[in-house]
Amino acid sequence: LPEADPDLAPRNTSATRLASAPTAVSLERVNKWYGAFHVLRDVDLTVRKGERIVICGPSGSGKSTLIRCINRLEEHQAGRIVVDGIELTNDLKRIDEIRREVGMVFQHFNLFPHLTVLENCTLAPIWVKKMPKAEAEAIAMRYLTRVKIPNQAHKYPGQLSGGQQQRVAIARSLCMAPKIMLFDEPTSALDPEMVKEVLDTMVGLADEGMTMLCVTHEMGFARQVADRVIFMDEGQIVESNTPDAFFRAPQHERTRLFLSQIL
Ligand code: ADP
Ligand code: MG
């Protein structure tokens with residue numbers, strides 16, 4: 001038999017791939033308020049292991065708050081959030097456990113400016129995982145090579161382009177061997193010519209089977225890798241569908257309006 005051409009293989013065999021996958025994250029009737037402001041309203045979401053979800057929606061709709069609740073950067077006030085079988089409560093030990101398993105990449109990179117690229121990558125493995133320095137450095141170099149910047153390892157973040165800094169941020173997360181990766185608009189602070197290098201890194205992660213929740217308005221990325229696209233508005237998940245159905249036949253007027261503005 002001829003070997004299958006990987007470029008021609010469909011990425012989205014979601015239905016078969018995910019059918020028997022265990023649950024990675026579940027949110028049940030999650031509600032959150034900032035003071036009197038009701039920011040998340042009865043959010044229900046089940047993410048399967050290996051699933052790639054793109055979250056989009058207007059500014060202020062609660063996208064960042066939603067993903068920040070998943071690693072407890074924000075606290076929800078009602079409902080249940082379970083990550084890899086661990087329920088998020090006030091138990092600090094469990095929060096630590098979850099933060100080790102969940103990597104997060106922010107819009108503004110959030111690298112430590114006074115540490116080199118390599119030190120940014122080894123800090124958490126050494127201090128949180130108690131990994132020997134040499135081992136942490138070897139792992140960091142492996143991930144810096146994967147994001148194609150091994151030669152920047154001894155520079156400081158300020159000496160790198162935005163796209164390079166964001167790839168360092170991704171490599172830094174991967175050094176903790178996360179089971180789930182959260183991305184909050186990872187390309188929206190970048191100059192246009194740097195967006196692709198970051199998206200390519202994310203596509204690579206998706207191809208390796210990482211469970212990913214990505215807040216992004218990069219709809220090409222959504223079409224290419226998402227198993228599901230979720231549209232949020234005013235703190236609610238308004239729509240959740242395969243990328244094909246989402247773009248071809250959005251169900252709600254609010255989704256249609258949003259897509260007409262960004263596409
Ligand atoms: P998105 O990421 O979709 O733009 P956010 O989750 O950042 O939305 O914010 C949702 C709403 O909550 C916005 O109206 C925002 O102003 C408000 N908000 C976000 N963070 C806070 C906070 N720490 N305190 C009070 N209000 C907040
Ligand atoms: Mg946001």
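Residues numbered from 1 in each chain as written. Chains lettered and ligands numbered in written order. Predicted model: local features only at pLDDT ≥ 70, side-chain atom pairs only at ≥ 80, totals over all residues. Heavy atoms only, no water.

A word on the nonpolar core. Core analysis: the largest hydrophobic core is formed by 50 residues, its most contacted members being Leu 144, Phe 183, Met 202, Met 212 and Phe 221. Here the element with the most residues in this core is helix α7 (residues 192-207); it accounts for eight residues. Other than its neighbours up to four places away in sequence, Leu 144 contacts Val 117, Leu 118, Cys 121, Ile 149, Pro 150, Ala 153, Val 168 and Ala 171. Counting 29 residues, the second largest nonpolar core, distinct from the first, contains Leu 45, Leu 66, Ile 81 and Leu 182. (Core = buried A, V, L, I, M, F, W, Y, C linked by side-chain atoms within 4.5 Å. Buried < 20%, exposed > 50% of the residue type's maximum accessible area, 1.4 Å probe, protein only. Helix = DSSP H or I, 4+ residues; strand = E, 2+ residues; numbered from the N terminus. Contact = heavy atoms within 4.5 Å.)

Attention shifts here to the site of ligand 1. Close contacts around ligand 1 come from Tyr 34, Phe 37, Val 39, Pro 58, Ser 59, Gly 60, Ser 61, Gly 62, Lys 63, Ser 64 and Thr 65, and that covers them all. Within the contact set of ligand 1, an oxygen atom lies 2.7 Å away from a backbone nitrogen or oxygen of Gly 60. Within the contact set of ligand 1, an oxygen atom lies 2.5 Å away from a side-chain nitrogen or oxygen of Thr 65. When ligand 1 is considered free in solution it has 560 Å² of accessible area, and contact with the protein chains removes 58% of it. Of all the elements, helix α2 (residues 63-70) adds the most residues to the shell around ligand 1, at three residues. When its residues are assigned to classes, the shell around ligand 1 shows four nonpolar, six polar and one charged. (Near = heavy atom within 4 Å. Polar contact = N/O pair within 3.5 Å; in protein donor to acceptor, adjacent residues only side chain to side chain. Areas by Shrake-Rupley, 256 points an atom, 1.4 Å probe, with all protein chains shown as cover. Nonpolar A, V, L, I, M, F, W, Y, C, P; charged D, E, K, R; others polar.)

Turning next to the packing of aromatic side chains. In total, this model carries two aromatic pairs according to the counting rule given. Relative to Phe 258, the ring of Phe 231 has its centre 5.2 Å away and its plane inclined at 50°; by these criteria the two rings are tilted. Linking Phe 231 in strand β9 (residues 228-233) with Phe 258 in helix α10 (residues 253-262), this pair joins segments that are 27 residues apart in sequence. Using a relative accessible area of 6% as the deciding quantity, one classes Phe 258 as buried. For the ring pair Phe 246 and Phe 247, a centre distance of 5.3 Å and an interplane angle of 90° mean the geometry is edge-to-face. (Phe/Tyr/Trp six-rings, centres within 6.5 Å; stacked < 30°, edge-to-face > 60°.)

All right, on to the pairing of strand β4 (residues 78-83) then. One ladder, built from five bridges, connects strand β1 (residues 23-34) with β4; its direction is antiparallel. Bridging from a neighbouring strand, Val 25 pairs with Val 83 of β4. Pairing of β4 with strand β5 (residues 86-87) involves two bridges; the strand directions are antiparallel. Opposite Val 83, over in β5, you have Ile 86 as the bridge partner. In this structure, the hairpin formed by β4 and β5 is closed by a connection of two residues, where Asp 84 is found at a positive phi of approximately 50°. (Pairing = 2+ DSSP bridges.)

In this section: the UniProt feature "domain: ABC transporter" (unreviewed entry) in the protein. When the UniProt feature table is mapped to this numbering, "domain: ABC transporter" (unreviewed entry) covers residues 25-259. Along residues 25-259 one finds 39% helix and 26% strand; the C-alpha atoms at either end are 27 Å apart. (UniProt positions renumbered as here; feature names shortened; annotations may be inferred.)

Take the sheet that holds β4 next. Overall, antiparallel pairing links the four strands, which are arranged β2-β1-β4-β5 in an open sheet. The open sheet has two free edges, formed respectively by β2 (37-48) and β5, since each of these has just one partner strand. α2 contacts β1, β2 and β4 of the sheet and is inclined by roughly 125° relative to β1. (Axes fitted to C-alpha atoms, helices over the stretch in contact; angles between N-to-C directions.)

Now for the environment of Asn 241. With respect to the secondary-structure elements, Asn 241 resides in strand β10 (residues 236-241). Asn 241 gets classed as partly exposed once you look at its relative accessible area, which sits at 22%. In this structure, the C-alpha to C-alpha distance between Asn 241 and Phe 231, residues ten residues apart in sequence, is 8.9 Å. Residues contacting Asn 241, with those up to four places away along its chain left out, are Asp 227, Arg 228, Val 229 and Phe 246.

Here the focus is the state of the cysteines. Going through the model one piece at a time under the given rule, you end up with zero disulfides. Note on Cys 56: no disulfide assigned, nearest cysteine sulfur contributed by Cys 214 at a separation of 12 Å. Not part of a disulfide, Cys 121 finds its nearest cysteine sulfur in Cys 175, a span of 4.6 Å. (Disulfide = S-S within 2.5 Å.)

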